[in-house]
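# Commentary on secondary and tertiary structure
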Amino acid sequence: MIFDRNEKKEVIALLGAGSMGTAIVRRIAAGRKILLGDISEKNLEKVSHDFQYCGYDVETMIVNALEKDSVEAFAQKAAVLGNVMYFIDTAGASPHQTNSEHILKLDMVGTGYAVDAFGKVMAKGSAGLIISSQTGYMYPIPYETEQEILTTPTEKLMELPFIKEVAMQNSGLAYMIAKRINHLQVMKAAATT
Ligand SMILES: NC(=O)c1ccc[n+]([C@@H]2O[C@H](COP(=O)([O-])OP(=O)(O)OC[C@H]3O[C@@H](n4cnc5c(N)ncnc54)[C@H](O)[C@@H]3O)[C@@H](O)[C@H]2O)c1
């Protein structure tokens, strides 16, 4: 395959340049433009160096998934680079790494910001991938609560009584609930965009 360096390439945006995300991007990035976003400059430098060394076309941006403006700026940058055909979100933390509040803010709210922002810039026929977890099937959220979650704006999710009273109890529960809510966020985005 011969690549034209001046061609406007399809864009792959990865939020969270960790182990799973970079493995996914590596498989699909040939001939495409990669935009890596991560809170860690060190991670970005290492991963972009590895990608460039292998011949991939890559740009980086410091992004804080906890901040709506930062995630929106990342989505805008992706759109400026070309047609955003792939968005992958692996900016997350596991229960052994941090506390319930941080898990909910990153894995639930941060993912919500990303789904909201990329829903506005992705090209026709594009695909988004949010890495949830099998733990998303371990704690059934009552139907009425799920409906409430589905109709609550992302920035207000932390204020829901269910989140404050149930999900905050421990990091394991927070993780299961955040990962189940990721399913709802994707379902809502697919239904409304
Ligand atoms: N690794 C597993 O076995 C596994 C299994 C199931 C689900 N998951 C989920 O997959 C996702 C990715 O897992 P991983 O193993 O690749 O994790 P990882 O720790 O290797 O990568 C996560 C990346 O997110 C970045 N990040 C953290 N906070 C951020 C923030 N505020 N803003 C922007 N970037 C931030 C980190 O710097 C890191 O590069 C997570 O959501 C995790 O819960 C992982």
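### Structural notes on the site of the ligand
Around the ligand, the structure places 22 residues, and the nearest of them are Gly16, Gly18, Met20, Ala65 and Gly92. Those elements that place two or more of their residues in the shell around the ligand are α1 (19-28) and α4 (100-121). With three residues, α1 is the largest single contributor of residues to the shell around the ligand. Its residues assigned to classes, the shell around the ligand comprises nine nonpolar, eleven polar and two charged.

### What to know about the pairing of strand β2 (residues 33-38)
A large share of β2 lies buried, amounting to six of its six residues. Residue alternation in β2 divides its side chains into two sets, Lys33, Leu35 and Gly37 and Ile34, Leu36 and Asp38, and both sets are buried. Judged from the five bridges that link them, strand β1 (residues 11-15) and β2 form a sheet pairing that is parallel. Looking at β2, one finds that alanine 13 is bridged to leucine 35. Crossover β1 to β2 through α1 is right-handed. With six bridges joining them, β2 and strand β3 (residues 57-62) adopt parallel strand pairing. Bridge pairing in β3 places aspartate 38 opposite isoleucine 62.

### Structural notes on the sheet that holds β2
Taken in spatial order, the five strands of this open sheet run β3-β2-β1-β4-β5, and their pairing is parallel. The outermost strands of the open sheet, each flanked by one partner alone, are β3 and β5 (122-130). Put simply, the sheet's adjacent strands are angled 15 degrees from each other on average, direction ignored. Running at roughly 170 degrees to β2, helix α3 (residues 68-81) makes contact with β1, β2, β3 and β4 (84-89) of the sheet.

### As for the pairing of β4
For β4, the buried fraction is high: five of the six residues fall into the buried class. With five bridges connecting them, β1 and β4 associate as parallel partners. Within β4, the position partnered with leucine 15 by the bridge is aspartate 89. Between β4 and its parallel partner β5, the chain crosses via α4, and the hand of that crossover is right-handed.

### Considering the nonpolar core
Grouped together as the largest cluster of nonpolar side chains are 50 residues, with contacts concentrated most on Ala13, Leu14 and Ile34. For this core, the element with the most residues is α4, which contributes eleven residues. Filtering out sequence-adjacent residues up to four positions away, alanine 13 remains in contact with Leu35, Gly37, Ala78, Val84 and Phe87.

What counts, and at which threshold
Residues numbered from 1 in each chain as written. Predicted model: local features only at pLDDT ≥ 70, side-chain atom pairs only at ≥ 80, totals over all residues. Near = placed C-beta within 6 Å. Helix = DSSP H or I, 4+ residues; strand = E, 2+ residues; numbered from the N terminus. Nonpolar A, V, L, I, M, F, W, Y, C, P; charged D, E, K, R; others polar. Buried ≥ 20, exposed ≤ 12 C-beta atoms within 10 Å, placed from the backbone. Pairing = 2+ DSSP bridges. Right-handed = clockwise from strand over helix to strand, strands pointing away. Axes fitted to C-alpha atoms, helices over the stretch in contact; angles between N-to-C directions. Contact = placed C-beta atoms within 7 Å. Core = buried A, V, L, I, M, F, W, Y, C linked by C-beta atoms within 7 Å.

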